[in-house]
Amino acid sequence: MRMIDANIVFSKISFQADIDYHTYPRSIYECPVCKNKLSFNMHDFDKYALNTKSIFPLEEQERIKKFAKKKDLKKSNSFIDFYCPQCNMPTRIYYLTWAGGRYTGGHELEFIVIDCLT
């Protein structure tokens, strides 16, 4: 199990609705294992904001949950799970979803957890 800061694997880690709403800038994720690139935008993070459901099997979820608890990763309130399309590595993006003011909110990508044991 590995934890990697988001700024190492993403080209953009901060999204704010009143700034990025019309342009939906992309953030390119580069898998640290196989170097495959995936594109994410603000809509992807909106869709999974405050997510509580995982696509991973229960065993995988428990390993990640135990790892996150051991690392004391409490600040994040949202996550996206996926398998890298090239190397099939189980990956979870942890991010903070926030709301503020009348017309804004956003997401701050914090880190990823990769289960290298599978």
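Residues numbered from 1 in each chain as written. Predicted model: local features only at pLDDT ≥ 70, side-chain atom pairs only at ≥ 80, totals over all residues. Heavy atoms only, no water.

As a further point, take the nonpolar core. The biggest cluster of nonpolar side chains holds 19 residues, and the ones touching the most others in it are Phe10, Tyr29, Phe40, Phe45, Ile93, Leu109 and Ile112. Looking at this core, the elements that each hand over two or more residues are helix 1 (6-9), helix 3 (42-47), strand 5 (78-83), strand 6 (90-100) and strand 7 (104-114). Among the elements that line this core, the one with the most residues is strand 7, at three residues. With residues up to four places along the chain from it excluded, the contact list for Phe40 reads Phe10, Pro25, Arg26, Ser27, Tyr29, Phe45, Phe82 and Ile93. Of all hydrophobic cores here, the second largest spans eight residues; its members include Ile64, Phe79, Tyr94 and Val113. (Core = buried A, V, L, I, M, F, W, Y, C linked by side-chain atoms within 4.5 Å. Buried < 20%, exposed > 50% of the residue type's maximum accessible area, 1.4 Å probe, protein only. Helix = DSSP H or I, 4+ residues; strand = E, 2+ residues; numbered from the N terminus. Contact = heavy atoms within 4.5 Å.)

With that out of the way, let us pick up the pattern of salt bridges. Evaluated as defined, the whole model comprises five salt bridges. Two residues, Asp115 and Arg63, come together in a salt bridge whose shortest N-O distance is 2.8 Å. Remark: Arg63 occurs in helix 4 (residues 58-70) and Asp115 occurs in the segment after strand 7; sequence separation between them is 52 residues. Assessed through its relative accessible area of 25%, Arg63 is described here as partly exposed. Linked by salt bridges that have partners in common, Glu59, Glu60, Arg63 and Asp115 make up one network. (Salt bridge = Lys/Arg side-chain N within 4 Å of Asp/Glu carboxyl O.)

What follows covers the side chain of Ser78. Its location among the elements puts Ser78 in strand 5. In this structure the side chain of Ser78 is engaged in a polar contact, spanning 2.7 Å, whose partner is the backbone nitrogen of Leu50. Dropping the residues within four chain positions of it, Ser78 is found in contact with Tyr48, Ala49, Leu50, Asn51, Ile93, Tyr94, Tyr95 and Thr97. (Polar contact = N/O pair within 3.5 Å; in protein donor to acceptor, adjacent residues only side chain to side chain.)

Further remarks concern the side chain of Arg92. Mapped onto the fold, Arg92 is located in strand 6. A distance of 2.6 Å separates the side chain of Arg92 from the side chain of Asp81, its partner in a polar contact. At 3.3 Å, the side chain of Arg92 and the side chain of Tyr94 are in polar contact. Arg92 has contacts with Ser54, Phe56, Gln61, Ile64, Phe79, Ile80, Asp81, Phe111, Ile112 and Val113, leaving out every residue within four places of it along the chain.

A few words now on helix 4. A rise of 1.5 Å per residue sets the reference length of helix 4, with its 13 residues, at 18 Å; its end C-alpha atoms lie 18 Å apart and thus fit the reference within 8%. In this structure, the buried side of helix 4 is in contact with strand 1 (2-5), strand 6 and strand 7. Residue Asp72 follows helix 4 closely and has a positive phi angle near 60°. (Expected span 1.5 Å × (residues − 1).)

The buried count for strand 5 comes to five of six residues, which makes it a mostly enclosed element. Counted along the chain from strand 5 to the antiparallel partner strand 6, the turn is six residues long, and its residue Asn88 has a positive phi close to 65°. (Pairing = 2+ DSSP bridges.)

If you walk through the whole model with that rule in mind, you get zero disulfides. Summary of cysteine pairing: Cys34 is not part of a disulfide, and the nearest cysteine sulfur, belonging to Cys84, is at 3.6 Å. Cys116 takes part in no disulfide bond, and the closest cysteine sulfur to it belongs to Cys87, at a distance of 9.1 Å. Cys116 gets classed as partly exposed once you look at its relative accessible area, which sits at 35%. (Disulfide = S-S within 2.5 Å.)

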